[in-house]
Amino acid sequence: MLVVHGGWSGDRLVLWAEDPGAVTTTASRAKVRPHPFAASPGVLFPGMKEGEVTLTLPGSGSSPLASPESGIEVAARSPKLGRWRVPAVFVEAGEALELLGGDQQTASLRFLAAVTEQAHDLVRRGRVLPQLVREDDGHAARWRPVLTGADAAWFRETAAAMPPVCRAVDGERPSAHVLIEAIACLTDAATRVTLPGRILGGHRPGLRSALADRWAVALTGDDASLPGVREADVRELGAALQAWFSAAHALDQPVRTCFRLAEPDGSQELWRLEFALQPGDDQSVYILAKDVWGGRMEEVLLAGLGRAVRLYPALERALREARPHEMELSTAQAFAFLRDVAPLLQAAGFGVRLPGWAGRRRIGLKLTTRTRKKGPGSTVGQGFGLDELLDFRMDLAMDGTPIDEAELAELVRLKVPLVRVRGEWVELDPAQLGAALRAIEGRRSGEMTVGEALREIALAGENDLPLVSVDADGPLGDLLSGEADRRLTPVPTPEGFEGTLRPYQERGLAWLAFLSGLGVGAILADDMGLGKTAQTLALLLAAPGRTLLICPMSLVGNWEREAARFAPGLRVYVHHGGGRDLEAAQEADLVVTTYGTALRDLEALSGINWARIVCDEAQAIKNSAAKQARAIRAIPAASRLALTGTPVENHLAELWSIMEFCNPDLLGSAKHFRDRFQEPIEARGDEQAAAALKRATGPFVLRRLKIDKSIISDLPDKLEMKVWCTLTPEQATLYQAVVEEMLSKIDDSEGIERRGNVLAAMTRLKQVCNHPAQLLKDGSPLPGRSGKLTRLEELAEEIVLEGDKALVFTQYAEFGTVLQPHLQARLDRPVLWLHGGLSKQRRADLVDRFQNDPEPAIFLLSLKAAGTGLNLTAASHVIHVDRWWNPAVENQATDRAFRIGQTRNVQVRKFICLGTLEERIDEMIERKHALADRVVGAGEDWISELSTAKLRDLFTLDPKAVS
């Protein structure tokens, strides 16, 4: 299967493809070499123009790096940018509009699909203007987007998020240049699709007709060219059009005009539209117009009101006054402002403040279901499943409270779009009222299955009447309550389970068994250390069936040991390595394999009759388009279970991908999910969409936290502290030299090369903060040359003298390799060292030794190799020598010690060098903690987008850093 990528060049979409089945290298030493595993995408898009492009891609001399979506493992020790010749197809903008719709396979095509959707949105909102432009073969009539206000912010954020491959065509170009080309061409094509084919009565002017007439006709249809025009005519018409275009962008100013709609107070029947000024970058400041007149800003206010009249002609009535500060509106006019004018003003860059209820859908549907009885007692335990029939009724509701026919009839009779209902203003539009009338006339009731009810709830909200409330009884009511684990009868520790489940684990087991019995997939998202492994093994005993468990390679041994410990009666087979035996897999109760092996053995594993598939560390399938995720979803099973402490790390699409594994099609397609939930929640903060998503996914996600004392009351406290270290003079000199060298390189580079330089600078500066020897790699002695090392030596000695044990994490295996013998000699006792180069048995031996040896100990660990999957509760101290800027990764590592089985308080220390980038990024994380998962969650790449000036502030050494 080919993996297709997209870029943009000039006025065309460029498509090229990788062939995962044809991985090879090239011996060519030419400046532009043939891409060794590129395939012609013409086989996927027959009939389109084919050719060749030159791509600038990272890689080695013999091969470019493969994309993550390809699943190809092509490594390069020190990747460098190279130029690669690739067969491609070229797609004109009009065809690209259609081709880029729907779900896309790769990051570049998903990005371009989002740009295409924005182009359609700009056209729908009228944010386009006609222009006369000069092109390679002459002049043309084109539509161009007006990017102001929120749209300008979209452009900046989107350009920063552009995948590098999108701008790799014909030399790596700045993302803003590529994006403006793409959005301009796609907007022009989208406008032509929307407009009628001809204007001026269908007459097409000849070459001797006035340029203005020819230009107006060329704005529609497929032919935008204007051959044979005179330069004098071009200058005259072009200047007028450019002035129009410039005026539309005049709103991007430091101070902007703002409008506030105030509802009637008391007996007043009129609404007030207040005028004000506010800074463009601080919406909390609001200066009323009456306080502006007579001051220095009155010209700004007057100019803003003058521009707003073009979008809101009714404003002219207020401007007849010498010093306008507000205007009165009737209820109908207020509704028109809410519905039509406010979005136009906001899109144009004006500030708009509306009542809190504005835009909320108050009228919707309420679903009531009742479980059918099966003789005496309830249906629980009597085969209740997805095919079970329920009695249901669908009623109209306002804010969840049913509305009867009389109330609706009164609303319809008033024919007023804004009315007071039960003391609150309600915004009603004709579409909602019409849908409500149809719902009343054809009141729905009857029977549906449990599966149909779940799908109705998950996909509700696409029509004029959303589902706003659900009332269900019996097992379905338990499932939808959000507290199913508490409402269900706890399942006692099953026979054959060696150990005792805690009360919350018994409730979790009941929930898992309940969903498994329904044939519904589940996401067990308990906090790290709450025993997801034990609950899963208990489920395998309580609800037997052949189970395929897929996990990262680092956790295979852990599952094997835990199964032997908790469920020794289970027949466990590890399906990994060279001697894989499918017959042995079919004889086992639990088959443990890795994500990589599952991908390679997809066909064979799909042929086995699985009762259950479990994905541990399910964030491994968070990228729905990745080959690995698609393969895992393709393996059939009666039920599915995802285990993860972080169902959403960076964006909501990850939740869709994991839910698609657990319950295929429950949330609709990826495009439907993006339109219905992801875009409204992430881009606009839509609370209703967030509530709908929680209602749709809540029944299938169980999330408990360790800090919740109602869940676990005997877990000790976690005490986090920052340890401030100073640099030695040697470190300070090296640090300053790296800053000066790297800032010069960063300033002279752009695109992917610039980001690579930024990340390289960060790595080198963090190495200096650790120890000069780590940067220099010269094998020089360690003592007395690092502030961090001195503090680590002091802490390690204190911990050992107190008879305690500590975990010491570093993200650099090379540093750990030199640190381990140094600490061992300093402490005069063994220091354990776990890193990615160890065998599975050696890892297990180190863990057992640390856990069971009564002597105090220091366990040095590589963050990547030991950040997940290990139980190291013998430690009561955790030290992060060098910090990883993703808080979730740090927390996962800390939770090797802070988990069930820990009996003492855990002290967590994070080393930070004063006055260096470590301190400044720590400050950023503190300031933006609410956004940490989204902004910092992807690692350190976000820093690479900072300007050179901000990077200088970030990297520059503060005098206080030196001891």
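Keep in mind that this is a model prediction, so the values were computed, not measured.

Take the environment of Glu-740 next. Tracing the backbone shows Glu-740 in helix H25 (residues 729-747). Overall, Glu-740 belongs to the exposed group, its relative accessible area being 51%. Once the C-alpha coordinates of Glu-740 and Thr-956 are considered, the two residues, 216 residues apart in sequence, prove to be 9.0 Å apart.

Right, let's get into the pattern of salt bridges. For the structure shown, the criterion picks out 26 salt bridges. The residue Glu-52 makes a salt bridge to Arg-85 at a minimum N-O spacing of 3.6 Å. Of this pair, Glu-52 sits in strand S5 (residues 49-59) while Arg-85 sits in strand S6 (residues 80-92), and the two are 33 residues apart along the sequence. By relative accessible area, Arg-85 is classed as partly exposed at 33%.

Two numbers describe how helix H28 (residues 787-801) lies on helix H29 (residues 813-827): the axes approach to 11 Å, and their chain directions differ by 50°. For the element pair H28 / H29, the angle class is oblique. The two elements H28 and H29 cross, and the hand of that crossing is right-handed. Between H28 and H29, the contacting residues are Leu-789, Leu-792, Glu-793, Ala-796, Glu-797 and Val-800 on the first element and Leu-819, His-822, Leu-823, Arg-826 and Leu-827 on the second. Broken down by class, the residue content of the contact of H28 with H29 amounts to seven nonpolar, one polar and three charged.

In this section: the confidence of the model for the protein. In the predicted model, the protein carries a mean pLDDT of 80, and the fraction of residues at 70 or more is 81%. Considering each helix and strand of the protein separately, the mean pLDDT is smallest for helix H34 (residues 932-936), with a value of 30, and largest for strand S26 (residues 612-616), with 95. Counting interchain partners and residues more than four positions distant, the pLDDT-below-50 stretch residues 375-383 has ten contacts. Segment residues 927-942 is flagged for pLDDT under 50; beyond a separation of four residues in sequence, or across chains, it makes 23 contacts in the model.

A few words on the pairing of strand S10 (residues 255-262). Of all the eight residues making up S10, six are buried; the element is thus mostly covered by neighbouring parts of the structure. Taken together, the three bridges between S10 and strand S14 (residues 351-353) define a ladder with parallel strand orientation. What sits directly across from Arg-260, in S14, is Arg-353.

Turning to the state of the cysteines, a few remarks are in order. Under the criterion given, the structure shown has zero disulfides. Cys-551 takes part in no disulfide bond, and the closest cysteine sulfur to it belongs to Cys-615, at a distance of 9.6 Å.

What counts as what
Residues numbered from 1 in each chain as written. Predicted model: local features only at pLDDT ≥ 70, side-chain atom pairs only at ≥ 80, totals over all residues. Heavy atoms only, no water. Helix = DSSP H or I, 4+ residues; strand = E, 2+ residues; numbered from the N terminus. Buried < 20%, exposed > 50% of the residue type's maximum accessible area, 1.4 Å probe, protein only. Salt bridge = Lys/Arg side-chain N within 4 Å of Asp/Glu carboxyl O. Axes fitted to C-alpha atoms, helices over the stretch in contact; angles between N-to-C directions. Parallel < 35°, antiparallel > 145°, perpendicular 65-115°, else oblique. Left-handed = near helix turned anticlockwise from the far one by under 90°. Contact = heavy atoms within 4.5 Å. Nonpolar A, V, L, I, M, F, W, Y, C, P; charged D, E, K, R; others polar. pLDDT = per-residue confidence, 0-100. Pairing = 2+ DSSP bridges. Disulfide = S-S within 2.5 Å.

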